[in-house]
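Structural overview
The lines below spell out each chain.
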Amino acid sequence: MAAKPLLLLAVALAIGLANSRKHNSVLKSSEESAEQPSVEEESAEEPSAEEPSAEEPSAEEPSAEEESVEQSHHKDCLVAVTERRDCGYPGISARECRKRRCCYDAREAGTIWCFHSHRGDKKECSLNPKERSDCGYSGISAEECRRQGCCFDSSTPGKNLCYYSRSQDKSQCVLTPAQRRECGYKGISAKECNSRGCCFDNRVPEETWCYFSKQQDRRKCSVKPKQRKECGKPTISSEECHKRGCCFDSSIPEVTWCFYHRK
């Protein structure tokens, strides 16, 4: 009879030991779980790779050059490099070009950066063949013609292919032989003269054919009397002075009348 109580006591002790181990295991698992952050917490703490941090600097404002490139993508400014009609001068800035209401694209070296738009060309170059004033020479290429800021149209055979636009001042080259200031040399071709940006007229033999325009004369000959460097003898005529490629101004007495132009 005494063995039965002992057996029951042993069973009770075994059950109690098992429950104690189970409790300790659950407790340890809970503590480890509390120490490690959940997946949601980790996601909340780490910034998203797609969203920029609030401390990141904002994008810089586009420069004038970048804006000009964006403008070139506008439909009206998508003009092929070989078809661009010059609207400026070498090295012109984007700002100066836009002041002239023209397109600007400096992405490709050696090309016209400031040029007229499609709309501008259509308006300025839509002239009847009979109204066209020659702006080039026989055999001039379309590219060379447009580099001079002139229009080119080869659709009408036998007519002026390279001609002044509506807004170009055609009177700039209307000078008497005595008023022409040499821009080349005797026997110069029309092609070389035009490449210098000068006027060409060979209708009068033995006279200056390649000469500066009125605008070029005003710009290059605006030299103060005290800064004038003599280019001829005091009694030289205006015609002889101009043949030397120099400036002539007799409006102020007792100063140099025939003098070298500005660089």
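The sections below set out a description of the structure shown in this document. Note that the structure is a prediction, hence the values are computed from the model and not measured.

**Thoughts on the pattern of salt bridges**
Taken as a whole and judged by the stated rule, the model has ten salt bridges. Note that Arg-85 and Asp-121 form a salt bridge whose closest N and O atoms lie 2.6 Å from each other. Taken as a pair, Arg-85 in the loop between helix 3 (64-72) and helix 4 (94-99) and Asp-121 in helix 5 (residues 118-125) lie far apart in primary sequence, 36 residues in all. Residues Arg-85 and Asp-121 agree in their burial class; the two are buried. Across the pair Glu-206 and Lys-186 runs a salt bridge whose closest N-O atoms are separated by 3.7 Å.

**Looking at the nonpolar core**
By size, the foremost hydrophobic cluster in this structure holds nine residues: Cys-135, Tyr-137, Ile-140, Cys-145, Cys-150, Phe-152, Cys-162, Tyr-164 and Ala-190. Formed by seven residues, the second largest nonpolar core is a distinct cluster that contains Ile-92, Ala-94, Tyr-104 and Cys-114.

**Regarding the state of the cysteines**
Applying the stated criterion across every chain yields a total of eleven disulfides. Shown here is the disulfide that connects Cys-145 with Cys-162, its sulfur atoms set 2.1 Å apart. Here the S-S torsion is close to 95 degrees, and the disulfide linking Cys-145 with Cys-162 is therefore right-handed. One end of the pair, Cys-145, is in helix 6 (residues 142-147); the other, Cys-162, is in strand 4 (residues 162-163), with 17 residues separating them in the sequence. Per residue, the accessibility class of Cys-145 equals that of Cys-162, and both read buried. Shown here is the disulfide that connects Cys-193 with Cys-210, its sulfur atoms set 2.2 Å apart. When the S-S torsion is 95 degrees, as for the bridge of Cys-193 with Cys-210, the disulfide is right-handed. Note that Cys-193 is positioned in helix 7 (residues 190-195) and Cys-210 in strand 6 (residues 210-211), a separation of 17 residues in sequence. The same class applies to Cys-193 and to Cys-210, which are both buried.

Reading the values: rules and limits
- Residues numbered from 1 in each chain as written.
- Predicted model: local features only at pLDDT ≥ 70, side-chain atom pairs only at ≥ 80, totals over all residues.
- Heavy atoms only, no water.
- Salt bridge = Lys/Arg side-chain N within 4 Å of Asp/Glu carboxyl O.
- Helix = DSSP H or I, 4+ residues; strand = E, 2+ residues; numbered from the N terminus.
- Buried < 20%, exposed > 50% of the residue type's maximum accessible area, 1.4 Å probe, protein only.
- Core = buried A, V, L, I, M, F, W, Y, C linked by side-chain atoms within 4.5 Å.
- Disulfide = S-S within 2.5 Å.

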